[in-house]
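Here's the letter readout for the chains.
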Amino acid sequence: MLRTSSPSTPRVIDPYVIDVKAVDDGADDRLAAVERLARWMDGMFTLPGTRFRFGLDPLLGLIPGIGNLATFLVSAALVRVMARHGASGEVLVRMAGNVLVDAVLGAIPVIGNLFDFAFRANERNVVLLKRHYGEGRYRGSGRRTAALILAGVFGFLALAIAGAWVFVEWAWTRLFA
């Protein structure tokens, strides 16, 4: 969908991608929504008497299995939204790395729960996106890169599940055969 418009409104090429240079207000609104969700996930609550902040990510991570999956899906959705709104491939790779580190290390029992309180992947990703916009390096949508990253993450998860299955099967035959 290609529309040309007056100088006060942006030129729309894709309904999900906004030209940040053409209009800052719309980008600010989208960044504000992403920032709010990142804040909920990583820094909504403050430990009384301290400046230590934490969000829903470490709290949900206390629920075995489901909690870490839920926080991973929210973080992945945030990266997808950022990809739709102009994050470059380089920035998306860094964001996906933050989410992957958070998901993998956060899945380790006890140590992962402590890690989730300290490592704020979503807030880190918002900082990356703001820096990207601030430097004027906006180049359009990074959806293709996001799709490749998502395919890689699902491939990694499939290999991890298959590896765990093979290990459990091997251990079972050694212990009970």
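The structure under discussion appears in the preceding block.
Quick caveat, the model's predicted, so the values are computed rather than measured.

1. Side note on helix H6 (residues 121-134)
1) Next: Taking 1.5 Å as the rise per residue, H6 with 14 residues should run 20 Å; its terminal C-alpha atoms sit 20 Å apart, in good agreement.
2) Next: Of all the positions in H6, only Ala-121, Asn-122, Asn-125, Val-126, Leu-128, Leu-129, His-132 and Tyr-133 are classed as buried. Summarising the axial view, the buried residues of H6 lie within an arc of 160 degrees, below the 170-degree limit, and thus occupy one face.

2. Comments concerning a nonpolar patch on the surface
1) Next: Side chains of Leu-100, Val-101, Val-104, Leu-105, Ile-108, Ile-111, Leu-150, Phe-154, Phe-156 and Leu-157 sit close together on the surface and give an oily, nonpolar patch of about 800 Å² of accessible area.
2) Next: Among the elements of the structure, helix H4 (89-106) and helix H7 (143-176) are those that each provide at least two residues to the nonpolar patch.
3) Next: Along the chain, Phe-156 turns up in helix H7.

3. Description of the packing of helix H3 (residues 66-84) against H4
1) Next: Two elements in contact, H3 and H4, have axes separated by 10 Å at closest approach and are oriented at 175 degrees. Compared by their axis directions, H3 and H4 come out roughly antiparallel. Of the residues in H4, those in contact with Asn-68, Phe-72, Ser-75, Ala-76, Val-79, Met-82 and Ala-83 of H3 are Leu-92, Met-95, Val-99, Ala-103 and Gly-106.
2) Next: In the contact of H3 with H4, the residues fall into nine nonpolar, three polar and no charged.

4. Some details on the layout of surface pockets
1) Next: Here the second largest pocket defines a volume of roughly 250 Å³.
2) Next: Along the walls of the second largest pocket sit Asn-68, Leu-69, Phe-72, Leu-100, Ala-103, Val-104, Ala-107, Val-153, Phe-156, Leu-157, Ala-160 and Ile-161, which together make up its complete lining.
3) Next: Put simply, the parts of the chain that give the lining of the second largest pocket at least two residues each are H3, H4 and H7.
4) Next: Counting residues per element, the lining of the second largest pocket draws most heavily on H7, at five residues.
5) Next: Considering only residue class, the lining of the second largest pocket consists of 11 nonpolar, one polar and no charged.

5. Here we look at the side chain of Asn-98
1) Next: Its place among the elements puts Asn-98 in helix H4.
2) Next: Looking at Asn-98, its side chain comes within polar contact range of the side chain of Asn-125, at 2.8 Å.
3) Next: Filtering out sequence-adjacent residues up to four positions away, Asn-98 remains in contact with Phe-119, Ala-121, Arg-124, Asn-125 and Leu-128.

6. Quick word on unusual backbone geometry
1) Next: For Val-110, which is not glycine, the phi dihedral falls at a positive 65 degrees.
2) Next: Relative to the helices and strands, Val-110 is located in the loop between H4 and helix H5 (111-118).

7. Description of empty space enclosed by the protein
1) Next: Using the criterion set out here, one finds two cavities of 30 Å³ or more in the structure.
2) Next: Of the voids in this model, the largest cavity is the one considered here, and its volume is about 50 Å³.
3) Next: Lining the largest cavity, in full, are Asp-57, Asn-68, Thr-71, Phe-72, Ser-75, Val-99, Asp-102, Ala-103, Gly-106, Ala-107 and Asp-116.
4) Next: Elements that contribute at least two residues to the lining of the largest cavity include exactly H3 and H4.

Cut-offs and rules
- Residues numbered from 1 in each chain as written.
- Predicted model: local features only at pLDDT ≥ 70, side-chain atom pairs only at ≥ 80, totals over all residues.
- Heavy atoms only, no water.
- Helix = DSSP H or I, 4+ residues; strand = E, 2+ residues; numbered from the N terminus.
- Expected span 1.5 Å × (residues − 1).
- Buried < 20%, exposed > 50% of the residue type's maximum accessible area, 1.4 Å probe, protein only.
- Arc of directions from axis to C-beta.
- Patch = residues over 30% accessible without salt bridge, like charges linked within 9 Å, V, L, I, M, F, W, Y side chains within 5 Å.
- Areas by Shrake-Rupley, 256 points an atom, 1.4 Å probe, with all protein chains shown as cover.
- Salt bridge = Lys/Arg side-chain N within 4 Å of Asp/Glu carboxyl O.
- Axes fitted to C-alpha atoms, helices over the stretch in contact; angles between N-to-C directions.
- Parallel < 35°, antiparallel > 145°, perpendicular 65-115°, else oblique.
- Contact = heavy atoms within 4.5 Å.
- Nonpolar A, V, L, I, M, F, W, Y, C, P; charged D, E, K, R; others polar.
- 1 Å grid on protein atoms, 1.4 Å probe; cavity = no way out; pocket = protein on both sides within 12 Å on 5 of 7 lines; lining within 4 Å.
- Points joined across faces, edges and corners; volume = space filled by probe spheres on them.
- Polar contact = N/O pair within 3.5 Å; in protein donor to acceptor, adjacent residues only side chain to side chain.

Any link to function would need more than the numbers given here.
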